[in-house]
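Observations on chain architecture
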Amino acid sequence: MSHKVLIFLTPIEQELKRAEAVHRAKQRILSSPISYTTKGRPRLEEHPDCALSISHSQHWLAVAIGPLGTPLGIDVEEKAQQAERTLPRYSSSEEQALLEKYRVPPIQLWTAKEAVYKAHSEQLSKGINQIEMVSPTLYVATTDSGKQVAQTVYSQYLSTEKLYLTVATDGEIELRTT
């Protein structure tokens with residue numbers, strides 16, 4: 001059974017100080033206050049039955065909300081050149097060959113690994129180096145206990161906003177912009 005995951009994308013006001021701008025962007029999307037678990041995962045205080053993932057770039061805030069228990073992670077990035085320049089730091093030679101084979105830009109690999117990490121962070125103490133690309137839509141995370149977890153990702157380049165948005169989830173996604 002597929003669960004619906006809502007994705008919200010909203011601009012961050014550039015004339016405000018960074019923390020205030022991100023806070024205001026969150027308020028535009030979320031009616032419930034956010035708190036954080038002891039492991040650092042965000043949660044909606046008034047909706048304990050929901051999973052929540054948050055990401056922001058310089059100009060955009062992205063929020064994913066889905067049913068609790070559904071793996072859920074989101075990443076949004078604008079810095080494609082930085083992802084390309086630092087590719088050897090977060091990818092294997094096999095992954096670099098897959099990027100070439102599928103004609104996938106490095107920023108897509110970066111956002112996918114970040115989203116998969118957020119979806120499974122409580123089991124991945126070593127970060128994104130525990131995550132391997134199998135195909136542009138499938139990644140495998142090797143947890144701290146050695147278990148391998150397959151994760152579907154959805155990546156999209158939003159040309160009008162000039163950013164990559166990637167969501168790691170097993171649910172059906174619906175994008176909403178504000």
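Before reading further, recall that the structure is shown in the block above.
Remember, predicted model here, so these are calculated numbers, not experimental data.

The rules we used
- Residues numbered from 1 in each chain as written.
- Predicted model: local features only at pLDDT ≥ 70, side-chain atom pairs only at ≥ 80, totals over all residues.
- Heavy atoms only, no water.
- Helix = DSSP H or I, 4+ residues; strand = E, 2+ residues; numbered from the N terminus.
- Rg over C-alpha atoms; globule rule 2.2 N^0.38 Å.
- Buried < 20%, exposed > 50% of the residue type's maximum accessible area, 1.4 Å probe, protein only.
- Areas by Shrake-Rupley, 256 points an atom, 1.4 Å probe, with all protein chains shown as cover.
- Lys, Arg positive; Asp, Glu negative; His and termini not counted.
- Charge placed at Lys NZ, Arg CZ, Asp CG, Glu CD.
- Core = buried A, V, L, I, M, F, W, Y, C linked by side-chain atoms within 4.5 Å.
- Contact = heavy atoms within 4.5 Å.
- Pairing = 2+ DSSP bridges.
- Axes fitted to C-alpha atoms, helices over the stretch in contact; angles between N-to-C directions.
- Salt bridge = Lys/Arg side-chain N within 4 Å of Asp/Glu carboxyl O.

1. Thoughts on the overall build of the protein
- Along the backbone of the protein there are five helices and 11 strands.
- Taking 2.2 N^0.38 as the reference for a compact globule, 178 residues should give roughly 16 Å; the C-alpha atoms of the protein span a radius of gyration of 16 Å, in line with that estimate.
- Overall size of the protein, expressed as C-alpha extent along the three principal axes, is 45 × 35 × 30 Å.
- Here the protein, with 178 residues, has 47% of them falling under the buried criterion.
- Approximately 9700 Å² of the protein is accessible, and the part contributed by carbon and sulfur atoms is 50%.
- Where the 20 positive side-chain charges of the protein centre and where its 21 negative ones centre are 3 Å apart.

2. Considerations on the nonpolar core
- Counting 21 residues, the largest nonpolar core has L109, V116, I131 and Y139 as its most contacted members.
- Elements represented by at least two residues in this core include exactly α3 (87–90), α4 (93–102), α5 (106–120), β7 (131–135), β8 (138–142) and β10 (163–169).
- I131 has contacts with E95, K113, V116, Y117, L124, Y139, V140 and A141, leaving out every residue within four places of it along the chain.
- If you look at the next biggest cluster of nonpolar residues, it comprises 14 residues, including V5, A51, I74 and V76.

3. Things to note about the sheet that holds β10
- One open sheet accounts for five strands, arranged β6-β10-β9-β8-β7; its pairing is antiparallel. Unpaired on one side and paired on the other, β6 (72–77) and β7 mark the two borders of the sheet. Looking at each pair of strands side by side, their axes are set apart by 25° on average, direction ignored.
- Looking at chain direction, β6 and β10 are connected through six bridges and run antiparallel. In the strand pairing of β10, L72 is matched with T169.
- Here α5 sits on the sheet and contacts β6, β7, β8, β9 (148–158) and β10; the angle it forms with β6, its principal contact strand, is near 150°.

4. Some thoughts on the pattern of salt bridges
- Inspection of every chain in the model, using the stated rule, returns seven salt bridges.
- A salt bridge links K113 to E95, with the nearest nitrogen and oxygen atoms 3.0 Å apart. Of the two residues, K113 sits in helix α5 while E95 sits in helix α4, which places them 18 residues apart along the sequence. Like K113, the residue E95 is buried in the burial classification.
- The closest approach of N and O atoms between R176 and E174, which form a salt bridge, is 2.9 Å.
- R176 sits in the partly exposed class, given a relative accessible area of 36%.
- The network of salt bridges with common partners includes K4, E172, E174 and R176.

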